[in-house]
Amino acid sequence: MAVKSLPIVPSGDPGALAEASNYSTWRILRPEITEPDKVNPIVTLYCPDGALTLEESGVALNYKFCKGCGICAKESAGIRMAPEYTGPKGVF
Amino acid sequence: MTIDFKNLPKEELFGQGNVGCKGCGAAIAGRQAMKVLGERTIITIPASCMATLGGNNTKTTWKVPFYHTLFECAPAISSGIRAALEIQGIKDVNVISWGGDAGSADIGFQSLTGAAERQEHMIHVLYDNEMYMNTGGQTGSQTPLYAITSNGALGKKVRKKNMMAIMEAHGIDYAASANIAYPEDLMNKFKKAASKKGFSYIHILAPCHRGWGIKPEDTVEVSRKATECGMWELFEVDEGKRTRTYEPSFIRVADYLKAQGRFKNVTAEQTAELQESVDKYYGRGE
Amino acid sequence: MNKVLITGSEAAAIGAKLAKIEVLGYYPITPAFPAMERLSKYIEDGELNCKFIRVESDHSALAAVLGGSLAGARSYTVTNSQGLLLMTEVVYHVAGLRQPIVMGVANRALSAPHSRFPEHGDAVSQGASGWIQLFSENNQDVLDNTIQAFRIAEERRTPVMVNYEGYIQSHTLEEVFVPEQDKVDAFLPLKRMPALDVSDPRGVNTVAGPDVYTDYKYIQNAAMEQALTIIPTVAAEYNKVFGANSCGLVEGYMMEDAEHVIAAMGSIVSTARLLVDELRKQGKKIGLIKVRAWRPFPVQAVKELLHNVKFVTVLDKNIVFGVGGALATDIKANLYGQGNMVINGVILGLGGGKCGVKEIKEAVDHTESSETNKNRSEWIGL
């Protein structure tokens, strides 16, 4: 069996987790920006995952990083939480 | 809030893709701090949730050099890093050790007090979720009185060890308490600490919703209540001069305790006792 | 070359000074502290440009030195026994992180009962850690081993322990040839290999899953095995450049026609040489092997030296409880199936106990006696 190719000092590539992540499978609820003018930019500093950033146009949400914790909706107007999955429910 | 959002660095040096729980208070603290510290920072983190959520195998969320150290010795490691940078003539790099309550106040205390006594040119951050969360939520010295933990269902019988007083006693350049619900205050404190030539200590209240028995979305609000009821004072000791940096609105201590599952068995007498000690501390009602 | 009369502690300190160490951390412990103090004096006198971190424990000493190494500086520390055991967690961690740290160990017995006297128990306790371990026969060896250790460590990114005995070497004066600084500079070119570098950020020591941990250990072990080639090569180059007499992995003495061989490491080797000379005068075909590199264990070299031998007396100044002396166990295990020589594992000199010519002769005689049970360790000096 061949040994894997690994960095000589056990270590991780910077920012690699960000590239690999996709938290849609974690979410039960997802935030939706319903009133962009009312969103408090402070939420960009309250998000644990860096999913909310302040762009020229206002606060933007990147679903790639969002785990659906609900802090932003709680701390600001203009954002509400909606179900991630809205299809049929039940045991299959 | 008077944060100049337009001029905050856009780059996320920490946090995106982190494998922490949703609503992780520690991750919030990390993101706020890195907005100030910038990319010329080396951060050492002893065994803790923060070390674990930062990366696994060959991937990490950090974009600055990060090192997951052994439990006891992050401040000692940081002392060595600073020495190596100095001998190479590298002067403009922040050296931070970022420990949880165990890695700073308990098992890590020895190396913390050693580095502080030596007045090493570094910042030590204690991100405080008031229990040993990375191993499931056991009681530690930073667990407050009456709090229930995973190995203490009857509630803690003794008070939280006063780390701010201990660190202040070392005569270090800068010591400050902070709270993730007050990002402007927190970021100002990091700015001050980064400018110091000696040792700085920042103690951040960063709730863990799992350990505290709250909903993830309430993380920031409960953290805010801790300061607003007076139990988590926001202050700094800058070269020996003490200043309170935020005047609380003094909501009832009961509001703060009732919001959390870990205080579910606190009696009315115990709540009154805590309210009285807070009142006494702030010189109120006399 | 300068000839001076110095202790082993001074030899270690001079070695580190000539190697131009840049980060030094240490926590005082008997009998290692003279080497530490000597280095602090060099720094304070301006003879060594090095940052000293006055840590508050032995565990923090190696941690501070590790921090220095990770940020790209050549780093060094000294300790022994209780201190070494306290820092064991960091010892394994350093090897796993592949940092080229050199550590002087002034071997001392382990508590309990409390002893400050020399033996190899502390070094042996770190046998599985992944550090290369060199043993010194005399103060010249201490100096030569220390300088070569930096070269060996940086070659394959494997940390090196330079063992020398408390009091017998650390506090005893011997003649030592000290090489010139410029020749050492050429022998030890500074190669920075920082793992924590703001211009090339990495997340060091992320949590490793089962799918990579084994591979990391395989790679680490392979590097340790490569040291079997590097150690003799570096010794040969050192001897050429400095006119020295370093041995590689192991060295034979009077081995040409030896039928009985004494195997040992550390200061007892020089005592054993006296016995070998004495017995040779009486016509006995006896020889000696000095084991300089105990980790990695030089299987091939030992096998070759012990090829046609009838009796082996292995001297161990240590005990691995329930197994026997560390060197004897290694030799017996690796010579399995090679001929039917008698190997007698002898435990002596523990906690500073007697291990002179008389004791070694007693051991040698017992090896050849049919009454001695060679399956159990023989304890001398009770």
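Everything that follows concerns the structure shown earlier in this document.
Residues numbered from 1 in each chain as written. Chains lettered and ligands numbered in written order. Predicted model: local features only at pLDDT ≥ 70, side-chain atom pairs only at ≥ 80, totals over all residues.

(A) Here's a closer look at unusual backbone geometry. All names here are of chain C. Here the bond from Thr30 into Pro31 is cis, since omega is -10°, no more than 30 degrees from zero. Within the secondary structure, Pro31 is located in the loop between β2 (23-25) and α2 (33-44). In this model, Arg295 is joined to Pro296 through a cis peptide bond whose omega is 0°. Mapped onto the fold, Pro296 is located in the loop between β13 (293-295) and α11 (299-305). The residue Asn205 is not glycine, and still its phi comes out positive at about 65°. Here Asn205 is to be found in the loop between β9 (203-204) and α9 (210-242). (Helix = DSSP H or I, 4+ residues; strand = E, 2+ residues; numbered from the N terminus.)

(B) Quick look at the interface of chain C and chain B. Contacts between the two partners involve 37 residues from chain C, matched on the other side by 37 residues from chain B. At the level of secondary structure, the elements contributing two or more residues to the side of chain C that touches chain B comprise β2, β3 (51-53), α3 (58-70), α5 (88-96) and β9 of chain C. One ladder, built from two bridges, connects strand β4 (residues 66-69) of chain B with β9(C); its direction is parallel. Within β9(C), the position partnered with B:Phe66 by the bridge is C:Gly203. (Contact = placed C-beta atoms within 7 Å. Pairing = 2+ DSSP bridges.)

(C) Representation of the interface of chain A and chain C. Between chain A and chain C, the contact holds nine residues from the first and 17 residues from the second. Per-class residue counts for the side of chain A that touches chain C are six nonpolar, two polar and one charged. Pairing of strand β1 (residues 11-12) of chain A with β9(C) involves two bridges; the strand directions are antiparallel. By the bridge assignment, A:Ser11 is partnered in β9(C) with C:Val204. (Nonpolar A, V, L, I, M, F, W, Y, C, P; charged D, E, K, R; others polar.)

(D) Structural view of the pairing of strand β10 (residues 241-244) of chain B. For strand β9 (residues 235-238) of chain B and β10(B), the ladder comprises four bridges, and the chain directions are antiparallel. Note that in β10(B) the partner of B:Glu236 across the bridge is B:Thr243.

(E) Summary view of the environment of B:Ala147. All names here are of chain B. Position of Ala147 among the secondary structure elements: in the loop between β6 (122-128) and α6 (163-168). Put simply, Ala147 and Ser195 are 48 residues apart on the chain and 37 Å apart in space, counted from C-alpha to C-alpha. The contacts of Ala147, once residues within four sequence positions are left out, are Glu130, Gly155, Lys156, Arg262 and Phe263.

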